Each structure stands twice: as C-alpha cells, then as structure tokens.
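Per-entry structural report
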Amino acid sequence: MIELKNLSKTFRVNGGTIEALRAVNLTIPDGDIFGIIGMSGAGKSTLVRCINLLERPTSGSVTLDGVALEMLSDKELRAVRRKMTMIFQGFHLLMQRTCLKNVCLPLRLAGVKKTVAEKRGLEFLELVGLRDKANAYPAQLSGGQRQRVAIARALATEPKVLLCDEATSALDPTTTASILELIRDVNRRLGITVVMITHQMSVVESVCRHVAILDQGRVAEQGEVGEVFSRPRSEAARRLVFPEGSADAPVAAREGERFIRVVFNGARATGTPLIARMAVREGIEANIAYASTRSIGERMFGAMLLGIEGGQPVVDRAIAFLTQMPDVLAQEVNVHAS
C-alpha cells in the first residue's frame with residue numbers, strides 16, 4: 001500500500017516560491033490501478049516524482065507498506081526504486097542499444113549476471129508481445145512498440161508498483177488502447193499496483209478503478225472512478241467531466257416541463273439510442289436540454305439533462321425505463337430557468 005500523508009512540495013523560483021503540491025493525502029491499495037488526473041499545471045508530474053522520491057517533498061511523508069521512504073538511506077532508497085519503476089511519455093530508451101539490451105539494463109545495473117538478465121529480458125519482451133524485436137533498435141520501432149519495450153524494461157526488476165507519467169499522451173488512439181489493455185493485463189496477471197498520471201479522461205475511464213482529481217496542487221476529489229465521474233462534487237471534477245458546461249447550468253424550460261438528470265456510468269451502447277427507445281416503447285418524448293457524453297469502446301460515460309412534459313406520473317415512468325439499463329442513473333432535478 002502507498003500512503004501520501006500531508007505531502008507538500010515548494011519550488012524556489014526567481015526569488016519567489018511556487019507551491020506545486022499542498023497537503024496531499026492519498027491511499028493507493030495494493031493491486032489497484034489508480035488514476036491521478038488534472039489540468040496542465042495541477043501538479044501531477046511533481047506528485048508522481050515525489051512518490052518515488054525523485055523529488056524530495058518539502059514536507060509530509062510517503063510510505064510504502066508502512067515504510068517511510070524519506071527516512072531511508074540512499075542505498076535503501078535505490079533498492080526500493082527497483083520495486084517502484086516508472087514509464088514516461090517519451091519512452092526514454094537508449095537508441096544505441098537493442099530492445100533486449102534496453103530491457104536488461106536495470107538488471108545489469110543491479111548486478112544480475114548477463115545470461116540471467118537476458119533470459120529474464122526475453123521473458124518480459126514475450127509478455128509485451130515483442131520477443132521477435134529483441135535484436136531490433138528503438139529507431140526501427142513504432143511509438144507503441146517503443147512504449148511496450150519501456151514497459152518490459154520497467155517490469156524486468158519484478159516491481160510491486162508501476163508509475164505511469166502520461167505514458168500514452170504521445171500515442172494515437174488505437175495505440176493508446178492497446179497499451180492500456182497491456183497495462184490492464186500486467187496488473188491482472190502480475191498483481192502490480194499501477195499509478196496512472198494523465199490529463200486524459202478516456203485513460204482513467206478505460207483502465208482505472210480509483211481516481212484522484214488534482215487541482216492547483218490539492219486533491220479536489222477522490223474515490224471510485226464511476227462514483228466520481230457520475231456524481232462530481234468539486235468544481236475541478238465538474239470541469240473535467242463536463243468540459244462543455246455543467247448539467248446544472250440554467251436551461252430554457254417550457255411551461256410545465258420537469259427535468260431528469262441521466263448519468264451514464266459505463267453503460268453498454270446499443271444500436272438504438274436510449275432516448276429514442278423510450279419514445280417508441282413508452283410513448284415518452286424528451287427534450288435534450290444538455291448532453292455531455294462519450295463512448296469508450298462499447299461503453300458510454302457522461303450525463304444528459306432531459307426535459308419531460310406530462311406531470312409526475314410520466315416522469316416516474318421515464319425514470320423507471322431509463323434505470324432498467326445497467327450503469328444508468330436517473331433522478332428528477334430542479335433546474336434554473338434561463
């Protein structure tokens with residue numbers, strides 16, 4: 001388990017100071033895939049570098065399995081870092097070395113014999129689907145293949161924790177999906193705890209179980225992904241979940257119109273839109289006053305605000321119909337008329 005307790009980091013710049021992190025408290029369970037998301041400048045990269053003490057916190061504590069990392073000697077900290085590896089947006093491969101030698105590098109630095117290191121390196125290249133590229137050089141690979149080699153290198157020391165700092169930001173959507181599936185598979189097969197630092201909602205929705213939203217160096221909100229994204233409480237979370245505007249914003253309401261807020265929390269998409277099916281099957285027509293939804297694979301996330309005419313019985317029937325589908329939440333809400 002990783003615990004961050006009142007973690008703060010202040011940088012001195014041009015005679016002044018910048019508070020990159022402010023009293024961050026997080027608990028990341030063993031075996032979890034934990035997302036940390038925020039806008040540019042929120043402090044995400046500083047946070048991940050503080051987790052493995054590449055950046056020393058100004059105050060607060062980082063503990064791994066109950067051990068306070070800031071209390072360790074340099075030698076002890078190096079040993080911990082072999083169990084807490086990291087992958088980056090830019091891959092950070094040595095271009096003059098083959099894929100196998102890149103993967104073997106941390107093992108050789110740890111004193112592992114060459115034959116043992118190469119055997120293990122081939123095993124991890126096999127795990128990421130690139131055993132046939134063992135003797136190729138990074139320049140001969142695609143971006144997705146380079147990231148797979150970086151993942152194999154990170155796994156070579158058999159870590160307990162994998163830190164991913166914007167690991168898919170430089171990749172196209174198809175390649176991103178394949179890398180996220182690989183990370184999910186690694187987590188499932190090896191039980192490795194994964195911490196995903198990202199500014200991409202789709203990454204968190206696709207692979208993470210828990211999420212913390214970072215805003216100006218503070219944790220604005222945290223919890224299970226479905227709960228945070230379906231019912232965002234903080235302004236920072238609402239900006240991320242509803243970038244086009246909030247479902248609670250003023251709307252143009254017609255006389256006698258009631259409103260239902262519908263939240264899609266990973267609901268499976270179907271050939272016929274849900275609102276159209278409600279009109280056909282229940283005879284209930286809805287005015288879509290607001291919508292911010294997106295599909296991730298076959299699943300839908302986001303929210304809608306529906307205007308319904310016909311009084312309370314019709315609203316109740318609409319809610320009953322909408323909530324028949326798994327992972328769809330619906331409730332009547334009061335809105336402000338514009």
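Attention here is on the structure that accompanies the text. (Residues numbered from 1 in each chain as written. Predicted model: local features only at pLDDT ≥ 70, side-chain atom pairs only at ≥ 80, totals over all residues. Heavy atoms only, no water.)

When its secondary structure is counted, the chain shows 11 helices and 14 strands. For the chain, the spread of C-alpha atoms along the principal axes amounts to about 75 × 50 × 35 Å. Computed over 43 positive and 36 negative side-chain charges, the inter-centroid distance for the chain is 10 Å. (Helix = DSSP H or I, 4+ residues; strand = E, 2+ residues; numbered from the N terminus. Lys, Arg positive; Asp, Glu negative; His and termini not counted. Charge placed at Lys NZ, Arg CZ, Asp CG, Glu CD.)

With that settled, the discussion passes to helix H1 (residues 44–51). For H1, a buried count of six out of eight residues is recorded, marking the element as mostly surrounded by other parts of the structure. Looking one or two places after H1, you find Leu 53, whose phi comes out positive at around 65°. (Buried < 20%, exposed > 50% of the residue type's maximum accessible area, 1.4 Å probe, protein only.)

A few words on the packing of helix H10 (residues 274–282) against helix H11 (residues 312–322). The contact between H10 and H11 brings their axes to 11 Å, and the two run at 125°. Taken together, the axis directions place H10 and H11 in an arrangement best described as oblique. Both H10 and H11 take part in a crossing whose hand is right-handed. On the side of H10, the interface is formed by Leu 274, Ile 275, Arg 277, Met 278, Arg 281 and Glu 282, while H11 contributes Arg 317, Ala 318, Phe 321 and Leu 322. Looking at the contact of H10 with H11 residue by residue, the class counts come to six nonpolar, no polar and four charged. (Axes fitted to C-alpha atoms, helices over the stretch in contact; angles between N-to-C directions. Parallel < 35°, antiparallel > 145°, perpendicular 65-115°, else oblique. Left-handed = near helix turned anticlockwise from the far one by under 90°. Contact = heavy atoms within 4.5 Å. Nonpolar A, V, L, I, M, F, W, Y, C, P; charged D, E, K, R; others polar.)

Here the focus is the nonpolar core. Counting residues in hydrophobic clusters, the biggest one holds 53 residues, and the most contacted among them are Met 196 and Phe 229. Here Met 196 is in contact with Ile 33, Phe 34, Gly 35, Ile 36, Cys 164, Leu 180, Ile 183, Val 203, Val 207 and Cys 208, once residues within four sequence places are set aside. Listed in part, the 30 residues of the second largest apolar core include Phe 34, Ile 36, Leu 69 and Met 86. (Core = buried A, V, L, I, M, F, W, Y, C linked by side-chain atoms within 4.5 Å.)

Attention now goes to the sheet that holds strand E8 (residues 193–198). Within the open sheet, the six strands sit side by side as E6-E7-E8-E3-E9-E10. Their pairing is mixed. This sheet does not close on itself; its edge strands, each paired only once, are strand E6 (84–88) and strand E10 (218–224). Sheet twist, expressed as the mean angle between neighbouring strand axes with direction ignored, is 15°. Here strand E9 (residues 210–215) pairs with E10 via six bridges, running antiparallel. In the sheet register, Ile 213 faces E10, and the bridge partner there is Glu 221. Contacts from helix H5 (residues 143–155) reach E6 and strand E7 (161–165), with the element oriented near 170° to E6. Sheet contacts for helix H6 (residues 173–190): strand E3 (33–37), E7 and E8; angle to E8, the most-contacted strand, approximately 155°. (Pairing = 2+ DSSP bridges.)

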